[in-house]
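Summary of the model geometry
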Amino acid sequence: MRITLLVAAFLITTFTFASENDWGRTGHRATGEVAEQHLTKKAKAQVRELLNGMNLAFVSTYGDDIKSDPAYRKYNPWHYVNLEPGETKYTKEKANPKGDLVHAINHSIAVLKDKNATKEDKEFHLKLLVHFVGDLHQPLHAGRGEDKGGNDIQVRWFGDGSNLHRVWDSEMINDFDMSYTELAHNTDVLSKKEIRNIQQGSVLDWMYESKELANRVYDSVETGEKLGYQYMYEWFPVVHDQVQKGGLRLAGILNEIYK
Ligand code: ADE
Ligand code: ZN
Ligand code: ZN
């Protein structure tokens, strides 16, 4: 009996963490680390003070860590954004009233800009902002609601059971097997102009970009398909680009707030 309970506890823990790990720890941290490399001196000093000495990579997984605490349940829908089937435009009226990823990022930015917000509140929302800008660049976090951003699309990953969302959250990044610093320090060399171009636009523009990419990701598999090296070869470069883009945009947001 005790063994059964232990096994059940293990399975629940394993699958809970496996399915709710978002970009995965490595992806989130690499995004934070890329952003660190592009902060202005002023922004870096402000960030360091707000985070009591920690850096963006360190706090990037906080948004997932609080999911296990029922006190933070209201933030669960903030990790993704779905448009209704056939809908191509995001409107506040049709948005999830409980909040979504677009609201999450804009709200966190507003708190950081608010002169009347407490330091504690700013610290909390800076940690959330780092996490959510990462999530926005995992295309399936702007995927379709009917399959929960690919969570309901079962596939095989190197022979094991998985789903499309998980392949994009963590399977590819984990199988590439680089640390978050290695990933963040092996990024495309971009000119100042290219960086500025990536940083341009609004949170909504970036959401539409992810949604477009999500459509390509949906077309990249059939339900039940066996995925492995070939899928990695074709799509890991996209994951890598998305991590870099997320980091550059996060730096752009913070440099703008602390200019
Ligand atoms: N994670 C959980 N539900 C989701 C959804 N509907 N879309 C994207 N990611 C999700
Ligand atoms: Zn996810
Ligand atoms: Zn998340």
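See the structure above.
Residues numbered from 1 in each chain as written. Chains lettered and ligands numbered in written order. Predicted model: local features only at pLDDT ≥ 70, side-chain atom pairs only at ≥ 80, totals over all residues. Heavy atoms only, no water.

The sheet built from three strands is open, its strands ordered 2-1-3 with mixed pairing. In this open sheet, the two strands that pair with only one neighbour each are strand 2 (160–163) and strand 3 (226–227). Across four bridges, strand 1 (residues 154–157) lies against strand 2 in antiparallel orientation. Across the sheet, the residue bridging to Arg-156 is Gly-161, located in strand 2. The sheet strands contacting helix 8 (residues 164–176) are strand 1, strand 2 and strand 3, and the helix crosses strand 2 at an angle near 120 degrees. (Pairing = 2+ DSSP bridges. Helix = DSSP H or I, 4+ residues; strand = E, 2+ residues; numbered from the N terminus. Contact = heavy atoms within 4.5 Å. Axes fitted to C-alpha atoms, helices over the stretch in contact; angles between N-to-C directions.)

A few words on the coordination of the zinc ion (ligand 3). Distances from the zinc ion (ligand 3) to its protein donors, namely Asp-22 (OD), His-79 (ND1), His-131 (NE2) and Asp-135 (OD), fall within the range 1.5 to 2.1 Å. Geometry at the zinc ion (ligand 3) is tetrahedral, judged from the four donor atoms that bind it and their angles of 98 to 126 degrees at the metal. Read N to C, the donor residues that coordinate the zinc ion (ligand 3) are spaced as D-x56-H-x51-H-x3-D. You can see His-79 sitting in the loop between helix 5 (62–65) and helix 6 (101–113) and its partner Asp-135 sitting in helix 7 (residues 119–136), a full 56 residues away along the chain. Like His-79, the residue Asp-135 is buried in the burial classification. (Donors = N, O, S within 2.8 Å, 3.2 Å for Na, K, Ca; no water. Tetrahedral: all angles 85-135°; square planar, octahedral: opposite > 155°, others 65-115°. Buried < 20%, exposed > 50% of the residue type's maximum accessible area, 1.4 Å probe, protein only.)

Applying the stated criterion across every chain yields a total of twelve aromatic pairs. The interplanar angle of 90 degrees and the centroid separation of 5.9 Å between the aromatic rings of Tyr-62 and Phe-124 together place this pair among those described as edge-to-face. With Tyr-62 in helix 5 and Phe-124 in helix 7, this residue pair connects regions lying 62 residues apart in the sequence. By way of ring pairs, the aromatic residues Tyr-62, Tyr-72, Tyr-75, Trp-78, Phe-124 and Phe-132 are connected into one cluster. Sitting over the face of the ring of Tyr-62, Lys-127 holds its NZ or CZ atom 4.4 Å from the ring centroid. (Phe/Tyr/Trp six-rings, centres within 6.5 Å; stacked < 30°, edge-to-face > 60°. Lys NZ or Arg CZ within 6 Å of the ring centre and 35° of its normal.)

For the zinc ion (ligand 2), the full set of protein donor atoms is His-141 (NE2), His-165 (NE2), Asp-169 (OD) and Asp-169 (OD), at a range of 2.0 to 2.5 Å. Coordination at the zinc ion (ligand 2) comes from four donor atoms whose angles at the metal span 54 to 148 degrees, giving a geometry best classed as irregular. Read N to C, the donor residues that coordinate the zinc ion (ligand 2) are spaced as H-x23-H-x3-D. Of this pair, His-141 sits in the loop between helix 7 and strand 1 while Asp-169 is found in helix 8, placing the two residues 28 residues apart along the sequence. For the pair His-141 and Asp-169, a shared accessibility class is recorded, and that class is buried.

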